[in-house]
Amino acid sequence: MSLGKVSRERLALCPRPLIILIESVAADIDAGALAPLVRDTTVLCTFRGEAEQMAAFNARPQRSKKPWPESAHNSMPPRAVDFLPYPLEWAAWEASPAPLWLLQGYVRARARALGVRLKPAIRWDAPHYELAD
Ligand SMILES: [Zn+2]
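Here the residue numbers are simple positions, counted from 1 along each chain's written sequence. In view of the model being predicted, local features appear only for residues whose pLDDT reaches at least 70, and side-chain atom pairs are presented and counted only at 80 or more, with totals across whole chains, interfaces and linings using the full set of residues.

A. Spatial organisation of the overall build of the protein chain. Counting its secondary structure elements, the protein chain contains 5 helices and 3 strands. Under the DSSP-based scheme used, a helix requires at least four consecutive residues in state H or I and a strand at least two consecutive residues in state E, with every element numbered from the N terminus. From first element to last, N terminus to C terminus, the protein chain shows the α and β order α-α-β-α-β-α-α-β. Radius of gyration means the value over C-alpha atoms here, while the globule rule gives 2.2 Å times the residue count to the 0.38 power. Its C-alpha radius of gyration of 14 Å places the protein chain within 12% of the 14 Å reference for a compact globule of 133 residues. For the protein chain, the C-alpha atoms occupy an extent of roughly 40 × 35 × 30 Å along the three principal directions. Within the span of the protein chain, comprising 133 residues, buried residues form 32% of the whole. In the protein chain, the proportion of contacts linking residues at least 24 apart, taken out of those at least 6 apart, comes to 65%. Neighbour counting defines burial: a residue surrounded by 20 or more other C-beta atoms within 10 Å of its own C-beta is buried, one with 12 or fewer is exposed, and intermediate counts give partly exposed, using backbone-placed C-beta atoms. Residue pairs qualify as contacts under a 7 Å threshold applied to their C-beta atoms, which are placed from the backbone.

B. Structural detail: the environment of Ala-51. For Ala-51, the position within the fold is in helix H3 (residues 50–58). When the C-alpha positions of Ala-51 and Pro-97 are compared, they lie 29 Å apart, and in sequence the two are 46 residues distant.

C. Broad picture of the packing of helix H2 (residues 16–30) against helix H5 (residues 98–114). To define axes, lines are fitted to C-alpha atoms, for helices over the stretch in contact only, and angles between the resulting N-to-C directions are given on a 0 to 180 degree scale. Contact geometry of H2 with H5 gives a least axis separation of 10 Å together with a crossing angle of 125°. When the interaxial angle is binned, H2 and H5 end up oblique. Judged by the sense of rotation from one axis to the other, the crossing of H2 with H5 is right-handed. Contacts between H2 and H5 involve Ile-20, Leu-21, Ser-24 and Val-25 from the first element and Tyr-106, Val-107, Arg-110, Ala-111 and Leu-114 from the second. For this classification, Asp, Glu, Lys and Arg are treated as charged, while Ala, Val, Leu, Ile, Met, Phe, Trp, Tyr, Cys and Pro are nonpolar and the rest, including Gly, are polar. Broken down by class, the residue content of the contact of H2 with H5 amounts to 7 nonpolar, 1 polar and 1 charged. Roughly parallel means an angle under 35 degrees; roughly antiparallel means over 145; roughly perpendicular covers 65 to 115; every other angle is labelled oblique. Left-handed describes a crossing whose near helix is turned anticlockwise from the far helix through less than a right angle; right-handed describes the clockwise counterpart.

D. Representation of the environment of Ser-71 within the structure. On the secondary structure map, Ser-71 appears in the loop between H3 and strand E2 (80–85). Every residue in contact with Ser-71, bar those within four places of it in the chain, is listed here: Arg-48, Gln-53, Ser-64 and Lys-66.

Next up, the structure:
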């Protein structure tokens, strides 16, 4: 089943349009919309505190290009969600990122249909969905 307890707790911090968007897509994934490439999903991050943000910024390779508190993940409510296929298969996606891009296209099409305005995709950060200002 898409979106476990921790994913739902993370998502609950977000503004309503992001919650509606992600829940809507997760329900479709549950119904097999992107099978077999994506069968389940997870919300990996919504809000990031200072220590977590700086760890992401200082990681090599960087997991965030912004230091605290400049990321959309650093405000409360958070203005971004990192939403990925589950289970996380980083090594497999490195070689074959199709599941990441497939899910991204689906999320972005759904956002458009729902009238949820997102910032443009970041090429190195496919799972990141950020509300436009
Ligand atoms: Zn992100």
